[in-house]
Structure formats: structure tokens, C-alpha cells
Amino acid sequence: MTPVQTPADLKPITALRFAAALWVAVYAFWENLAGVGLPGLVAKGYLGVELFFVLSGFILSHVYLAQAGEKRFSYGRFLWARVARVYPLHIATLLGVGLLAGAAIVAGMSVDSNVLSWSSLPANLLMVHAWGLAPAAGWNHPSWSISAEWFAYLCFPAFAFVFWRLRDKPVVAVLGAAAFLAVLYFVFEQWAGFPLTEATIRWGALRIVPCFALGCALYLVYRKAPLKAPGLSAAIFLALMLASAALGLWDAITVLLAGGLILSLASLPNARAGWLASRPAVYLGEISYSVYMVCVPWKLLAVNLAAKATDAPDKQLHVFVWLAIVALLPVVAAVSYHLVEHPARKALRGWGERRNKTSATNTKDADTSKGLAPGGEPVA
């Protein structure tokens, strides 16, 4: 239980997930837009992944932190729910990229040799390809962030251990998480020679840690007392975040402002959220994972076909062609959501629940046959 009443579903931040996915998608597709330079805001589109990472820490804390702190948390069920959430679409898009690359090779088209990196396949299948265990950035490259998420899921009990003990000190938790993020960003860039926010295959697992921790810390603020003027706060944080990205300020600043935006939108009651809590906005948020994961397969297919059909040099597409391809991305994502992501998640979770019920029934029967009540207590 939280000190204040909070809804189970935070619709405004569900809608925010689509904006984060679209930011990444525009960043990925921009190189194929002919005759247009790279605006600062688009150039920082990779920070949409950081937005996802902070959201992940916040939402998982919202659902599971109290369970973990009050010893009601089942690690196995938690991990199975996470596998059901991310794995089916990860495998489907990996296969999709493989089939598209194979078809392109058969058709005599050039394909980056790393796309079909067979030496990287085992790490991709195990979702550890962002842990420095994949020799090349192959297959569906954006899935490196799913590997990073998997790392955070495995480590969630450690995050919960720390932040549950800070639940009555939310300001301390946020300041500590912000300081940790800033210091890690600075030290990593000095050591590696590039920003941590640009790391993927080699350091993706590390990249999620400060963002996930920031999300957990921000949840403690929300848990203690949601912001009093969330609409105004959200507008301010959004403006500052976009300005920071457009001006090319240090990525840590943009990420911290994104955290403020998440806290503000979470504090906005569903009844007062307007279009952010509408069915279309929430639906787009629900398919955001598909938007992110089908981005590269759709780009490989659509851009190559469009470039061939319009005879576009170096795959530089006319603005209207480019806009059509980007506009169709959510449509393709909706198809993958309804054909793969949602039914597979439902099936895997259902299977897990049935197995848990069977296990609980067997344990109860075994205890009863030994003269014990369920849980091992003697029968009165």
C-alpha cells in the first residue's frame, strides 16, 4: 500500500511510451530523408531509449516494489511475466530481419555482413547481447535495449532492496540517483571516449542501470505524494527537455528532465489527463514496444522498396514518400501487436498461471496427506 491512493494504471505515462518510441523511430529513419539536415532534437532521438529505461524503473516499482519490500514478491513469477512481455516479439523480429536479409541476398542486393552475424545469434537468443557477449551488432539491432532491460529485470531484487529502505526518504533517493547518473555519465565518457547514452552492444547493460535507478527513485516521490500541479509541471519539464535536446546539452540534463516529465505525468489523475488518458493515446502506448521492435525490419523493407520504385539515389527519399513510410510504422506495429505480441504474452502468462495453480494444489494435497495444513502448519 502506498501512503496516498494511486491508480493501478497510469494512463498518461502509458501514452508517453509511444512518444518515446516515435522519437527513436524518427531518429532511425531520418538518414533516408533527402535534402534535409539533422535538427538537434532529431539527433538526440537515441535518448528515447533512456526515456523507456526511466519509465521501466518507475512502472516496475509501482507494480512490484511494495511486494518485494513486504516479502510478497515471487522472483520466478516476476521473471516469467517479463519474459512473456518481451521475448516473443524479440524472437519474431529477429526472425523477420533474418528472412528479409536472406531475401535481399537472394535478390542480389547488398546486405551488411553484421546483420546475419551467426556468431552473435546465441547471445541474441538468450537476450544477453548487450552484456558485451555478442561479437557484432547483428540481427534486429534495437533489441540490444531488450537485453539491457532483461539485465535490469534480473537485478530488480537488488534495486528493490535499496529503494524500499529509502521509501521514507524520497528526496534523498532522487538526489542520490541523479548524482549517480551524472557521475557515471561523466566517468564513462572520460574512460570510453564516447557517451554512455550511445552505448549499445558492448555496454548496453550498464546504460540502463542509472536510468532504471532514477525511475525507482522518482516512484518514491510519487508514492509519498504526487505533485500538486502535475499539468503545469509536465508542460515545464517537457519544454525544458525538448530545449535541452534541441540545443545539444549534456545528455544527463535531458535524461533528468525526462524523469521530471515522467513524475509529472504519473501525478496527473486519469480523470484530468484529457487526451493523454483517451483510448487512442493509451492504445498507442500499448503498441509502443511493437513500434520500437519493428522499426528496423520495416525500415529495411519499406525504404529499399521505395528507393527502388522511385529510383532514389543512395536511398534518399522524397519527403512525401518518407512521411508515408513513417506514418505506416504504427500500422505495421499494430499488426505485430495483435498477431504476435499480445496473444503470445497472454498465452505465456496463462500457461504460467496454470502451472502455478497446479503446483500450489499439489503442495496443498501433499501437506494434507502428511497431517499438515497448507504451508506446513500442523492441522488443528
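Refer to the structure above for everything that follows.
Calculation criteria
- Residues numbered from 1 in each chain as written.
- Predicted model: local features only at pLDDT ≥ 70, side-chain atom pairs only at ≥ 80, totals over all residues.
- Heavy atoms only, no water.
- Helix = DSSP H or I, 4+ residues; strand = E, 2+ residues; numbered from the N terminus.
- Expected span 1.5 Å × (residues − 1).
- Buried < 20%, exposed > 50% of the residue type's maximum accessible area, 1.4 Å probe, protein only.
- Axes fitted to C-alpha atoms, helices over the stretch in contact; angles between N-to-C directions.
- Parallel < 35°, antiparallel > 145°, perpendicular 65-115°, else oblique.
- Contact = heavy atoms within 4.5 Å.
- Nonpolar A, V, L, I, M, F, W, Y, C, P; charged D, E, K, R; others polar.
- Phe/Tyr/Trp six-rings, centres within 6.5 Å; stacked < 30°, edge-to-face > 60°.
- Core = buried A, V, L, I, M, F, W, Y, C linked by side-chain atoms within 4.5 Å.
- Salt bridge = Lys/Arg side-chain N within 4 Å of Asp/Glu carboxyl O.
- Patch = residues over 30% accessible without salt bridge, like charges linked within 9 Å, V, L, I, M, F, W, Y side chains within 5 Å.
- Areas by Shrake-Rupley, 256 points an atom, 1.4 Å probe, with all protein chains shown as cover.
- Left-handed = near helix turned anticlockwise from the far one by under 90°.

Would you mind going over helix H1 (residues 11-29) with me for this structure?
Since the α-helix packs 3.6 residues into each turn, any two residues three or four apart lie on the same face. Under the 1.5 Å per step criterion, the end-to-end length of H1 is 28 Å for 19 residues, consistent within 8% with the ideal 27 Å. With 14 of 19 residues buried, H1 is to be regarded as a mostly interior element.

Just checking my understanding: could you explain the packing of helix H4 (residues 75-106) against helix H13 (residues 288-310) for this structure?
For any two helices packed against each other, the geometry is given by the interaxial angle and the distance between the axes. Two numbers describe how H4 lies on H13: the axes approach to 10 Å, and their chain directions differ by 0°. Between H4 and H13, the crossing angle belongs to the class labelled roughly parallel. Every residue of H13 that contacts H4 at Arg-85, Val-86, Leu-89, His-90, Thr-93, Val-97 and Leu-100 is listed here: Tyr-289, Ser-290, Met-293, Val-294, Pro-297, Leu-300 and Leu-301. For the contact of H4 with H13, the class distribution of residues is ten nonpolar, three polar and one charged.

Could you clarify how one ought to interpret the packing of aromatic side chains in this entry?
Geometry of an aromatic ring pair is reported as the spacing of the ring centres plus the angle between the planes. Scanning the model with the defined rule gives 26 aromatic pairs in all. Summarising the aromatic geometry, the rings of Phe-78 and Tyr-153 are spaced 6.3 Å apart at their centres and angled 85° between planes, so their arrangement reads as edge-to-face. One end of the pair, Phe-78, is in helix H4; the other, Tyr-153, is in helix H6 (residues 144-154), with 75 residues separating them in the sequence. Across the pair, Tyr-153 and Phe-78 agree in class, each one buried. Relative to Phe-212, the ring of Phe-156 lies with its centre 6.4 Å away and its plane at 85°, an arrangement referred to as edge-to-face. Residue Phe-156 is located in helix H7 (residues 156-164), and its partner Phe-212 is located in helix H9 (residues 204-224); the two are separated by 56 residues in the primary sequence.

Which parts of the structure should I look at to understand the environment of Glu-70?
Within the fold, Glu-70 resides in the loop between helix H3 (47-69) and H4. Counting along the chain gives 94 residues from Glu-70 to Trp-164, while the straight-line C-alpha distance between them is 9.2 Å.

Explanation requested: the nonpolar core in the structure shown.
Nonpolar side chains in soluble globular proteins tend to end up buried together. Counting 112 residues, the largest nonpolar core has Phe-29 and Phe-58 as its most contacted members. Ignoring any residue separated from it by four or fewer positions in sequence, one finds Phe-29 in contact with Cys-295, Trp-298, Lys-299, Val-303, Trp-322, Ile-325, Val-326 and Leu-329. Val-97, Ala-101, Leu-116 and Leu-121 belong to the second largest nonpolar core, which has seven residues in total.

Help me out: how do you make sense of the pattern of salt bridges in this one?
A pair can form between side chains of opposite charge whenever their charged atoms are brought close. Applying the stated rule across the entire model yields seven salt bridges. Residue Asp-251 pairs with Lys-44 through a salt bridge whose shortest N-O separation is 2.7 Å. Here the residue Asp-251 occupies a position in helix H11 (residues 251-267), and Lys-44 occupies one in the loop between helix H2 (40-43) and H3, the gap between them amounting to 207 residues. Asp-251 gets classed as buried once you look at its relative accessible area, which sits at 5%. Using a relative accessible area of 15% as the deciding quantity, one classes Lys-44 as buried. Its salt-bridge partner being Arg-72, residue Glu-70 comes within 2.8 Å of it at the nearest N-O pair. Residue classification places Glu-70 among the partly exposed positions, given a relative accessible area of 37%. Classification of Arg-72 as partly exposed rests on a relative accessible area of 47%.

Before we go on, may I ask you to explain a nonpolar patch on the surface in this structure?
Together, Val-183, Phe-186, Val-187, Leu-247, Leu-249, Trp-250 and Ile-253 line one region of the surface with nonpolar side chains, adding up to about 670 Å² of accessible area. Within the secondary structure layout, Leu-247 lies in the loop between helix H10 (230-246) and H11. The class of Leu-247 is exposed, set by a relative accessible area of 66%.

How should the packing of H6 against H9 be read in this particular structure?
In contact at an axis separation of 8 Å, H6 and H9 are set at 60° when each is read in the N-to-C sense. With respect to their mutual orientation, H6 and H9 come out oblique. The element H6 and its partner H9 pack so that their crossing is right-handed. Along its contact with H6, which presents Trp-144, Ala-148, Glu-149, Phe-151 and Ala-152, the element H9 presents Gly-204, Ala-205, Arg-207, Ile-208, Val-209 and Phe-212. For the contact of H6 with H9, the class distribution of residues is eight nonpolar, one polar and two charged.

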